[in-house]
Amino acid sequence: MTRIGLLSDTHNYLDDALLEHFDACDEIWHAGDFGSLVVADTLAAMKPLRGVYGNIDGPDIRGQYPEHLRFRCEDVEVWMTHIGGYPGRYSPQVKKEINQHPPALFICGHSHILKVMYDQKLQLLHLNPGAAGKQGWHQVRTLLRFSIDGKRIEQLEVVELAGR
């Protein structure tokens, strides 16, 4: 079993409460808009980090993290990107590929809206952890924790942090 801490849209802000929520995780995944390498390096010093760059990330982040990341965690194919849309409204950048080669788990950020949705048509789970940073219009900072055990995605938890 692999325990995952998932966040997005930190916009150069990490607080201690966020880091405590990842203590029991095996890996941290960041779905873009780190804001700076300091954020990425802080997370990577805690746990193995997988991430993608977001639209606000500069050349320093883009030089270390890809726009799209496809990988396997246990027996689950994962696709993580920053701007991906959601079931029924995938962004033009991913629409063709996701329809032709859907992963079991599709993760994105960007909207600052926490979403957990199952796409019946493509048979995939869509996760957007919302925003963990202070910038943006969201009222509550959020992240997700979950486990992958073989082919199963389970123990999904929404963590609400303090307001912006």
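It should be noted that the structure appears before, not after, this text.
As the structure is a computational prediction, the values presented were derived from the model and not from experiment.

Rules used throughout
Residues numbered from 1 in each chain as written. Predicted model: local features only at pLDDT ≥ 70, side-chain atom pairs only at ≥ 80, totals over all residues. Heavy atoms only, no water. Helix = DSSP H or I, 4+ residues; strand = E, 2+ residues; numbered from the N terminus. Rg over C-alpha atoms; globule rule 2.2 N^0.38 Å. Contact = heavy atoms within 4.5 Å. Areas by Shrake-Rupley, 256 points an atom, 1.4 Å probe, with all protein chains shown as cover. Lys, Arg positive; Asp, Glu negative; His and termini not counted. Charge placed at Lys NZ, Arg CZ, Asp CG, Glu CD. Pairing = 2+ DSSP bridges. Axes fitted to C-alpha atoms, helices over the stretch in contact; angles between N-to-C directions. Patch = residues over 30% accessible without salt bridge, like charges linked within 9 Å, V, L, I, M, F, W, Y side chains within 5 Å. Salt bridge = Lys/Arg side-chain N within 4 Å of Asp/Glu carboxyl O. Buried < 20%, exposed > 50% of the residue type's maximum accessible area, 1.4 Å probe, protein only. Arc of directions from axis to C-beta. Polar contact = N/O pair within 3.5 Å; in protein donor to acceptor, adjacent residues only side chain to side chain.

Caption draft 1: Representation of the overall build of the chain. Scanning the chain from terminus to terminus reveals four helices and twelve strands. The globule rule puts the C-alpha radius of gyration for 164 residues at 15 Å, and the 14 Å found for the chain is close to it. With the principal axes as the frame, the chain shows a C-alpha extent of 40 × 30 × 30 Å. Within the chain, contacts between residues at least 6 apart in sequence are counted, and of these 49% link residues at least 24 apart. Just so you have it, the chain exposes about 7,600 Å², and 49% of that area is on carbon and sulfur atoms. A distance of 7 Å separates the average location of the 17 positive side-chain charges in the chain from that of its 21 negative side-chain charges.

Caption draft 2: A look at the sheet that holds strand S4 (residues 68-73). Read from one edge of the open sheet, five strands run S4-S5-S8-S10-S9, paired in mixed fashion. A strand with exactly one partner marks an edge of an open sheet, and here the two such strands are S4 and strand S9 (114-119). For this sheet, the mean inter-axis angle between neighbouring strands, taken without regard to orientation, is 15°. Where strand S5 (residues 76-81) and strand S8 (residues 105-107) come together, three bridges link them in parallel fashion. Directly across from methionine 80, in S8, lies its bridge partner isoleucine 107.

Caption draft 3: Spotlight on a nonpolar patch on the surface. A cluster of nonpolar residues, Leu114, Val116, Leu156 and Val158, forms a patch on the protein surface that exposes about 280 Å² of accessible area. Counting residues per element, the ones that place at least two in the nonpolar patch are S9 and strand S12 (152-163). Mapped onto the elements, valine 116 comes out in strand S9. The exposure class of valine 116 is partly exposed, given its relative accessible area of 38%.

Caption draft 4: Geometry of unusual backbone geometry. One non-glycine residue, asparagine 12, adopts positive backbone phi at about 70°. Residue position: asparagine 12 is located in the loop between strand S1 (2-7) and helix H1 (16-21). We note that glutamate 74 has phi near 55°; this positive angle belongs to a residue other than glycine. Its place among the elements puts glutamate 74 in the loop between S4 and S5. Look at glutamate 74 and you get partly exposed, because its relative accessible area is 31%.

Caption draft 5: Structural view of the pattern of salt bridges. Tallied over the full model, the rule gives eight salt bridges. In this structure, glutamate 27 engages arginine 50 in a salt bridge whose closest nitrogen and oxygen atoms are separated by 3.0 Å. One end of the pair, glutamate 27, is in strand S2 (residues 27-30); the other, arginine 50, is in strand S3 (residues 49-51), and 23 residues separate them in sequence. What makes arginine 50 partly exposed here is its relative accessible area of 25%. Salt-bridge contacts for glutamate 77 lead to arginine 70; the nearest nitrogen and oxygen are separated by 2.7 Å. Among the residues examined, arginine 70 registers a relative accessible area of 30% and is labelled partly exposed. It is possible to trace a salt-bridge network through shared partners that takes in Arg70, Glu77 and Glu97.

Caption draft 6: Helix H2 (residues 37-46), seen in detail. Within H2, the full set of buried residues consists of Val39, Ala40 and Leu43. Taken down its axis, H2 places every buried residue within 95° of arc, on the same side. In H2, the exposed residues that point more than 90 degrees away from the buried face are Val38 and Ala45. As for H2, its buried residues are in contact with S1, H1, S2, S3 and helix H3 (59-62). In this structure serine 36 caps H2, since a side-chain oxygen of it lies 3.3 Å from the backbone nitrogen of valine 38.

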